[in-house]
Structure formats: structure tokens, C-alpha cells
Amino acid sequence: AFANELSMVCDGLEIDPWEVIDLANHHPRVNILQPGPGVGGHCIAIDPWFIIHAASETAPLMRTAREVNDRKPDFVVKKIMALAAPGDRIACLGLAYKANTDDLRESPAIEIVEALCRKHDGEIMLVEPNIAQLPPRLSLPKAKLVAMDEAVNDADVLALLVDHREFKAIAPEVMRLKKTIDTRGLWRSYSRQRRAND
């Protein structure tokens, strides 16, 4: 929650959150985790709520942490919507709740895709290299599971939601032609280079 909230603060101040975290983590007693589009999975995203409901008066920190993490997908959706023009094809890269797995349980990426399908008038291209078909929850008219190459070639906006190893191979020269959102810091070197050239 701290890393995710810090990333939202940094966004407002136009500061690279991963750079801030890297610098802070040079201290031997600091270990800030990495921000992302939210927190998913079958444990961390759910289990703290059992404690909060059982002892709400003595668990304000846990409640706040869960609320911060639960709000992060909305923050990402707003960033994508601000970047996308009407009718743009948006490619959401990754649906799993963590990298290099096919585990979609409580994935913030799925929440983001559902919101984009409700709010955006263009096609939503979904890339998840670890699954063969979309779960029923994502059988939405605008959403389509596609190969990475198709998404990278055809999308106007690339939204990196999960840092799967396959997405590291996307060439910086391709990304220069796209509007990009990187929620995992995977394309940091490309982003720094683009800011330096602007």
C-alpha cells in the first residue's frame, strides 16, 4: 500500500516512483516494495478484510492499506482514459495478478479491463501469454484476447499491467509510436529516454 500510494504521489509531482524507491532502498534498513496496478491474488487481497471485520476498531492501518490498494485500479483506469483518444485501440498487457503465471484470482488487471470496457468507446485488446482463452468474466463485447504482436502493432495505447517476461521484449522503437502506460516500471529506461528527448 505504501509503494502504491507513493506511486500516486510521485505521479502528481511528475517524479519517477521507481527511482525514488531505488534511492530509498539504498538504506540498509529500508525495503520499499514495488508499486503496481493494485494487489491481487487469493491471500493479500482478501485475508486482511477478515481481520478488519473481526477487529475493525483496532485495525485502522490494515483498513487504510487495503483501501489504498483497492483504489489503485481506478487510478490506472483514469490514467489510461486521459491518454486514450476516442476510438483508440487500447492494448492491456497482462491479466494475471503477478508476473509469469496464469493465475487471474482477484487480479487488478481484470478490474481495469472491465472498467475500460464500460468507459472507453474503442476496442480493448487483451494480451495474456499464459492463458488460451478469456475467463467468462471478460467475455465482453469490446474485449478480445490477441497475440502480443497483434496488440503491439495495432493498438494506439499500450497499458502494461503485468510485468510478464514476454513484455520485456517489446522494442523501444515500437513504443515510440505508441501512447504508453507502465504500471510495473518494466519500460523505465525507455520512459527516461523519451522524457530526455521531449
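Everything here concerns the structure above.
Everything in this summary refers to the structure shown in the same document. Starting from 1, residues in each chain are numbered consecutively following that chain's sequence as written. Thresholds applied to this predicted model are a pLDDT of at least 70 for local features of residues and 80 or more for the giving and counting of side-chain atom pairs; totals over whole chains, interfaces and linings are not thresholded and use all residues. For the side-chain quantities, the full set of heavy atoms in the structure was used; hydrogens and water were omitted.

Overview of the packing of helix α3 (residues 47-54) against helix α4 (residues 60-83)
For step 1, the next point in the chain: All axes here are fitted lines through C-alpha atoms, helices being fitted over the stretch that makes contact, and every angle between N-to-C directions spans 0 to 180 degrees. In this text, helices come from DSSP runs of H or I with a minimum length of four residues, and strands from runs of E with a minimum of two, each type numbered from the N-terminal end. Direction vectors running N to C along α3 and α4 enclose 140 degrees, while the axes themselves pass 9 Å from each other. Taken together, the axes of α3 and α4 are oblique relative to one another. For α3 against α4, the interelement crossing comes out left-handed. Judged by residue contacts, Pro-48, Trp-49, Ile-51 and Ile-52 of α3 engage Met-62, Arg-63, Arg-66, Glu-67 and Asp-70 from α4.
For step 2, the next point in the chain: Grouping the constituent residues of the contact of α3 with α4 by class yields five nonpolar, no polar and four charged. By the definition adopted for this analysis, an angle is roughly parallel if under 35 degrees, roughly antiparallel if over 145, roughly perpendicular if from 65 to 115, and oblique otherwise. When the near helix sits turned anticlockwise from the far one by under a right angle, the crossing is termed left-handed; a clockwise turn instead gives a right-handed crossing. Only heavy atoms matter for contacts: two residues are in contact if any of them lie within 4.5 Å across the pair. For this classification, Asp, Glu, Lys and Arg are treated as charged, while Ala, Val, Leu, Ile, Met, Phe, Trp, Tyr, Cys and Pro are nonpolar and the rest, including Gly, are polar.

What to know about the environment of Lys-79
For step 1, the next point in the chain: Structurally, the position occupied by Lys-79 is in helix α4.
For step 2, the next point in the chain: We call two N or O atoms a polar contact when they sit within 3.5 Å, provided that within protein one can donate a hydrogen and the other can accept it, with sequence-adjacent residues counted only if both atoms are side-chain atoms. Among the polar contacts made by the side chain of Lys-79, one reaches the side chain of Asp-11 at a distance of 2.9 Å.

Re unusual backbone geometry
For step 1, the next point in the chain: Positive phi outside glycine occurs at Glu-14, with the angle close to 55 degrees.
For step 2, the next point in the chain: Note that Glu-14 resides in the loop between α1 (2-13) and α2 (17-24).
For step 3, the next point in the chain: Positioned with a positive phi, Asn-100 is a non-glycine residue whose angle comes to about 60 degrees.
For step 4, the next point in the chain: Throughout, exposure labels follow a simple rule: accessible area from a 1.4 Å probe, protein chains only, divided by the maximum for the residue type, with under 20% read as buried, over 50% as exposed, and the rest as partly exposed. Taking relative accessible area as the criterion, Asn-100 reaches 33% and is therefore assigned partly exposed.

Things to note about the sheet that holds strand β5 (residues 179-182)
For step 1, the next point in the chain: When DSSP finds two or more bridges between two strands, those strands count as paired. Strand order in the open sheet formed by five strands is β3-β2-β1-β4-β5, with parallel pairing between adjacent strands. Edge positions in the sheet fall to β3 (143-145) and β5, since each of these pairs with one other strand and no more. For this sheet, the mean inter-axis angle between neighbouring strands, taken without regard to orientation, is 20 degrees.
For step 2, the next point in the chain: Strands β1 (90-93), β4 (157-160) and β5 of the sheet are contacted by α4, whose axis makes an angle of about 170 degrees with β5.

A word on α2
For step 1, the next point in the chain: For α2, the full list of buried residues reads Pro-17, Trp-18 and Ile-21. The buried residues of α2 all sit within an arc of 95 degrees when viewed along its axis, so they share a single face.
For step 2, the next point in the chain: You can read the cap of α2 off the contacts: a side-chain oxygen lies 2.8 Å from the backbone nitrogen of Trp-18, and it is on Asp-16. This arc is taken over the directions from the axis of the helix to the C-beta atoms.

Considerations on the side chain of Glu-114
For step 1, the next point in the chain: You can see Glu-114 is positioned in helix α5 (residues 108-119).
For step 2, the next point in the chain: According to the relative accessible area criterion, Glu-114 is buried, its value standing at 17%.
For step 3, the next point in the chain: If we ignore the near neighbours within four places in the chain, the residues touching Glu-114 are Arg-137, Leu-138 and Leu-140.

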